[in-house]
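Commentary on secondary and tertiary structure
Listed here are the chains, written in short residue letters.
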Amino acid sequence: MLVVSKLTKKYGKMYANREVSFSLEKGEIGVLLGPNGAGKSTAIKCILGLLRFEGEITIGGFSNKTSDAKRIIGYVPEMPAPYELLTVGEHFEFIIRAYKLDYESSMEYAEELMQRFQLTEKRDSLAKNLSKGMQQKISIICALLPRPQMLLLDEPLVGLDPYAIKQIKALILELKEQGTAILVSTHMIDSVEGIWDKAFILMKGRIVASHAKEDFRGVWQESLERIFFAATESIANGDWDDDEDRTGDSDKRGT
Ligand code: ADP
């Protein structure tokens, strides 16, 4: 469903993403894991076609820049950016009209999601008067209404209360069951511990480890935390020269 091949993005001389490659199948939950500044948001923006980059990205077999690809992708940004002067309900009407979705069934779906996220009572409230958590829920519903085959969630759990976190995790697992491919970027390992199928660990712009959960099945119950620290220990200890490596002046890894 998603194939990212040798994605490279530079800001000036600095590599925000360097030769990043990974893929996700239908019904898989991938986590893009790395500390702040690792390059997660940049990778997500490149996948969405919001930034220019080198390399190749396909979604459902289509180049990510095509409208065919954009039609099947949903995105929840790190910072919700609702239309301040629209009410909660008006957001969903807007999405339904913009995507030319079937009005009746999409409104029913919006109702169901509003109930789940306890937004029903806020239907007539202006988005600007809602908390960040509630704005995030509007964002998630807007992304889901067109029933995307591929969902990108950039740090989706930051700033949410434990109840909302539980609901979003449950929703992610349901979407997986329905065959949606889901990519979640996060710096909070714990938040995705129970739900990942594939983990892509990003440090200083590069993928330093990729693992599928099933690789560990029957061997031992591997925790994402252990995988993360095993992959990143040498880098955290300074075995990589930060500035040189990221600007490409030295290439100790030989790639
Ligand atoms: P993450 O999402 O993992 O926190 P980002 O993708 O936001 O990381 O950032 C990766 C690197 O690229 C960081 O060093 C960041 O400072 C830099 N960066 C991000 N956006 C820009 C930009 N618009 N201009 C210059 N540098 C940027």
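The shown structure was predicted, so the numbers you read here are calculated from the model rather than taken from an experiment.

Glancing now at the overall build of the protein chain. A tally of regular secondary structure across the protein chain gives nine helices and 10 strands. Counting all 255 residues of the protein chain, 50% fall into the buried class. Long-range pairs, those at least 24 residues apart, make up 69% of the contacts in the protein chain with a sequence separation of at least 6. Approximately 12600 Å² of the protein chain is accessible, and the part contributed by carbon and sulfur atoms is 49%.

Let's shift gears to a negative patch on the surface. The grouping of D102, E104, E108 and E112 at the surface amounts to a negative patch. With respect to the helices and strands, D102 occurs in the loop between α3 (88-98) and α4 (103-116).

A separate point is the site of the ligand. The environment of the ligand is formed by Y11, M14, A16, P35, N36, G37, A38, G39, K40, S41, T42 and R246. Backbone polar atom of G39 to an oxygen atom of the ligand: 2.9 Å apart, as the coordinates give it. Within the side chain of T42, a nitrogen or oxygen atom sits 2.5 Å from an oxygen atom of the ligand. Its free accessible area being 560 Å², the ligand has 58% of it covered by the protein chains. At the level of elements, β2 (14-24) and α1 (40-47) are the ones that each hand at least two residues to the shell around the ligand. Take the shell around the ligand: its biggest share by element is three residues, from α1. Along the lines of polarity and charge, the residues of the shell around the ligand split into five nonpolar, five polar and two charged.

Let us now look at the pairing of strand β4 (residues 54-59). The pairing of strand β1 (residues 2-11) with β4 spans five bridges and is antiparallel. The residue bridging V4 from the neighbouring strand is I57, located in β4. Bridge count for β4 against strand β5 (residues 62-63) is two bridges, and the pairing is antiparallel. Residue I59 lies in a different strand from β5, and its bridge partner there is F62.

For the protein chain, per-residue confidence averages 88 on the pLDDT scale, and residues scoring 70 or more make up 89% of the total. Across residues 251-255, confidence stays below pLDDT 50; counting only partners more than four residues off in sequence or on other chains, it has nine contacts.

Moving on, we come to the packing of α3 against helix α5 (residues 132-144). The N-to-C vectors of α3 and α5 enclose an angle of 20°; their axes lie 9 Å apart at closest approach. Comparing the axis directions of α3 and α5 gives the class roughly parallel. In this structure, the crossing between α3 and α5 has a hand that is right-handed. Counting all contacts with α3, which are made through V88, H91, F92 and I95, the residues of α5 involved are I138, I141 and C142. Each residue belonging to the contact of α3 with α5 can be placed in one class, and the counts come to six nonpolar, one polar and no charged.

With that settled, consider the pattern of salt bridges. For the coordinates displayed, the defined rule picks out six salt bridges. Between R97 and E93 there is a salt bridge, and its shortest N-O distance comes to 3.8 Å. Here E93 and R97 lie together in helix α3, a separation of four residues that amounts to about one turn. Owing to a relative accessible area of 54%, R97 belongs among the exposed residues under this scheme. The shortest N-O distance in the salt bridge between E111 and R123 comes to 2.7 Å. Here R123 lies in the loop between α4 and α5 and E111 lies in helix α4, a separation of 12 residues in the sequence.

Parameters and conventions
Residues numbered from 1 in each chain as written. Predicted model: local features only at pLDDT ≥ 70, side-chain atom pairs only at ≥ 80, totals over all residues. Heavy atoms only, no water. Helix = DSSP H or I, 4+ residues; strand = E, 2+ residues; numbered from the N terminus. Buried < 20%, exposed > 50% of the residue type's maximum accessible area, 1.4 Å probe, protein only. Contact = heavy atoms within 4.5 Å. Areas by Shrake-Rupley, 256 points an atom, 1.4 Å probe, with all protein chains shown as cover. Patch = residues over 30% accessible without salt bridge, like charges linked within 9 Å, V, L, I, M, F, W, Y side chains within 5 Å. Salt bridge = Lys/Arg side-chain N within 4 Å of Asp/Glu carboxyl O. Lys, Arg positive; Asp, Glu negative; His and termini not counted. Charge placed at Lys NZ, Arg CZ, Asp CG, Glu CD. Near = heavy atom within 4 Å. Polar contact = N/O pair within 3.5 Å; in protein donor to acceptor, adjacent residues only side chain to side chain. Nonpolar A, V, L, I, M, F, W, Y, C, P; charged D, E, K, R; others polar. Pairing = 2+ DSSP bridges. pLDDT = per-residue confidence, 0-100. Axes fitted to C-alpha atoms, helices over the stretch in contact; angles between N-to-C directions. Parallel < 35°, antiparallel > 145°, perpendicular 65-115°, else oblique. Left-handed = near helix turned anticlockwise from the far one by under 90°.

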